[in-house]
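Residue-level structural notes
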Amino acid sequence: MLNSFEQLNSNPLCIGLIGTGRISDIYLQNLSSFSEVNVKTCGSLNLEESADKAKQHDIANVATPDEIIADNSIDCVLNLTLPAVHAEVSLAALQAGKHVYSEKPLATNLDDSKRILDLASSKGLIVGNAPDTFLGGRWQTARKIIEDGVIGSVIGCMAHVGTHGVERHHPNPDFYYKHGGGPLLDLGPYYLTVMVFLMGPITRVSGMASRSFDKRQIENGARHGEWMDVEVNTHSLSMFEFASGAIGNMTMSFDIWDSETPRFEIYGTDGTICIPDLDPVHGANVFEGPVWYRTRKTSRWEFQPRPTDRPKEWLVAENTHNFNFNCRGLGLLEMAYAITEKRAPRASGELAHHVLEVMLGIESAPDKGGFVDIESRCDIPNILDERFPKGKK
Ligand SMILES: NC(=O)c1ccc[n+]([C@@H]2O[C@H](COP(=O)([O-])OP(=O)(O)OC[C@H]3O[C@@H](n4cnc5c(N)ncnc54)[C@H](O)[C@@H]3O)[C@@H](O)[C@H]2O)c1
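Residues numbered from 1 in each chain as written. Predicted model: local features only at pLDDT ≥ 70, side-chain atom pairs only at ≥ 80, totals over all residues. Heavy atoms only, no water.

A short note on the packing of aromatic side chains
How two aromatic rings sit relative to each other is given by the distance of their centres and the angle of their planes. The condition that has to hold: Here a pair means two rings of Phe, Tyr or Trp (six-membered ring of Trp) with centres within 6.5 Å. Their orientation is stacked below 30 degrees between planes, edge-to-face above 60, and tilted elsewhere. What counts as a helix is a DSSP run of H or I of at least four residues, what counts as a strand is a run of E of at least two, and both are numbered from the N terminus. Accessibility here uses a 1.4 Å probe with only protein chains present; expressed as a share of the type maximum, an area under 20% marks a residue as buried, one over 50% as exposed, and anything in between as partly exposed.
The tally for this structure, following the rule as stated, stands at seven aromatic pairs. Aromatic pair Phe 134 and Phe 197: ring centres 5.1 Å apart, planes at 50°, arrangement tilted. Taken together, the residues Phe 134 in the loop between β6 (127–129) and α7 (137–147) and Phe 197 in helix α8 (residues 182–199) connect sequence positions 63 residues apart. Residue classification places Phe 134 among the buried residues on the basis of a relative accessible area of 1%. Members of the aromatic cluster, connected to one another through ring pairs, are Trp 139, Tyr 191 and Phe 264.

A word on the sheet that holds β6
Quick reminder of the rule: Pairing between two strands is assigned when DSSP locates at least 2 bridges connecting them. We call two residues in contact when some of their heavy atoms are within 4.5 Å. What counts as an axis is a line fitted to C-alpha atoms, over the stretch in contact for a helix, and the angles between N-to-C directions run from 0 to 180 degrees.
Read from one edge of the open sheet, six strands run β3-β2-β1-β4-β5-β6, paired in parallel fashion. Both outer strands of the open sheet, β3 (61–62) and β6, are each paired with one neighbouring strand and no more. Pairing geometry for strand β1 (residues 13–18) and strand β4 (residues 76–79), over four bridges, is parallel. Bridging from a neighbouring strand, Ile 18 pairs with Asn 79 of β4. Relative to the sheet, helix α2 (residues 24–31) contacts β1, β2 (37–43), β4 and β5 (99–102), its axis offset from that of β2 by approximately 150°. Sheet strands in contact with helix α5 (residues 83–95) are β1, β4, β5 and β6, and its direction is about 160° off that of β5.

Focus on the domain arrangement of the protein
To keep things clear, this is the line we draw: Domain start and stop positions are those given by an automatic or database domain assignment. What counts as a salt bridge is simple: a side-chain nitrogen of Lys or Arg found within 4 Å of a carboxyl oxygen of Asp or Glu. Each residue is assigned to one of three groups, with Ala, Val, Leu, Ile, Met, Phe, Trp, Tyr, Cys and Pro labelled nonpolar, Asp, Glu, Lys and Arg labelled charged, and all others, Gly among them, labelled polar.
What the domain assignment reports for the protein is domain 1 (4–133 + 328–346) and domain 2 (134–323). Placing the centre of domain 1 and that of domain 2 at their C-alpha centroids yields a distance of 25 Å. Contact with domain 1, which involves 15 residues of that partner, is made by 20 residues of domain 2. Seen at the junction of domain 1 and domain 2, the total is one salt bridge. Of all the elements in the fold, those that place two or more residues in the side of domain 1 that touches domain 2 are α5 and α10 (330–341). It is α10 that provides the largest number of residues to the side of domain 1 that touches domain 2, a total of three residues. Residue composition of the side of domain 1 that touches domain 2, by class: six nonpolar, three polar and six charged.

Quick notes on the site of the ligand
This is how it is decided: The cutoff for a nearby residue is simple: one of its non-hydrogen atoms must lie within 4 Å of the molecule or strand. We define a polar contact as two N or O atoms separated by no more than 3.5 Å, with the added condition that, inside protein, one atom must be a possible hydrogen donor and the other a possible acceptor, whereas residues neighbouring each other in sequence contribute only through side-chain atom pairs. Accessible surface area values rest on a Shrake-Rupley calculation with a 1.4 Å probe, where residue burial reflects the displayed protein chains alone.
Residues in close proximity to the ligand total 25 residues, the closest being Thr 20, Arg 22, Ile 23, Glu 49 and His 170. Gly 21 has a polar backbone atom sitting 3.4 Å from an oxygen atom of the ligand. Take Leu 45: an N or O atom from its main chain is 3.2 Å from an oxygen atom of the ligand. In isolation the ligand offers 830 Å² of accessible surface; the protein chains occlude 87% of this area. Those elements that place two or more of their residues in the shell around the ligand are α5 and α8. In terms of residues, the shell around the ligand owes the most to one element, α5, which gives three residues.

In structure tokens, the structure reads:
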């Protein structure tokens, strides 16, 4: 009997991409290098843009979103559209019998998010969701440090992103300031997903948020100088409690010019892990970069991974060293294995649903007496094992 790698190589997961905007390049670049998947068709609301991407990344076909959803040869829709339409596109794809892997967030409200999971489950289909950064070497290494007991029992964590938004680098930044956008729904998924991966599910949240600017100006590209209305809060503070008893806090802001606060820290009874904010690798929205840690026995930070002298006992983390680069799409590749092996993917819809409930709970906390209980739970994704993945075109 063929193993999953052999099965996928003889019959790669056939993918139809919907949404050929800014983030699609890195997906297409990475996916085209994996032999287990084949991006057959791409499309969007702008077929000229999609045709350019198809040419650039050697994709055989361009089609409208409806044609992609109706194409029976496509196994899985890769949904890289905007947050406000993620649910609509994912539900249509599932309805047509296709697996779905979507950019974050899974949806912008819990009803849609539940509808996606329920529809997938009733049809025996798989839903996977970004972010997949936690599959990168940096986070797998942090998890291994925790699993090995280096910092003792985890008691808490802190995440902090202070930026001045995206209008300096994204040519069409409107969606970041509309319903479904804002720093919490845009950046929160990276940090909260990593927290669940490292510390388990979250049971209770609180939060406050504000909006410092009602209008913001596009500062790059063809629309340079154009003003946008800001419809969401852009400075968000939150606190949460984990099922384990650990507690954490998080700042996600598009209103801060700069900060020297580390992007992420995990506190244990015997030590601390720090994810430093170093150029060119920033925070949890990347796969790669150093992990610092120190324990009660050491007075200075130690660094991992250090390719030259990583201890042998960290071999599992070492296997993920291949993913110390911008490897967006890795979650979809892992999902191709999950489909073949008839198991849940690591970057699963259930994990994304839990993270969405946490974010919406943080948003609604001020109107609900300060604290919101989180109903959903999800499995903690396993660390990547050495079998995965092997294929390189
Ligand atoms: N740009 C980034 O740096 C970045 C990074 C990580 C994740 N993301 C996420 O990726 C997603 C896309 O972001 P982007 O920056 O590529 O946006 P973009 O505006 O550059 O592209 C959006 C694409 O979606 C298509 N689209 C919009 N509505 C559609 C609909 N109803 N049906 C079909 N297609 C539709 C557009 O035609 C376009 O091709 C977002 O969820 C965003 O949060 C973006």
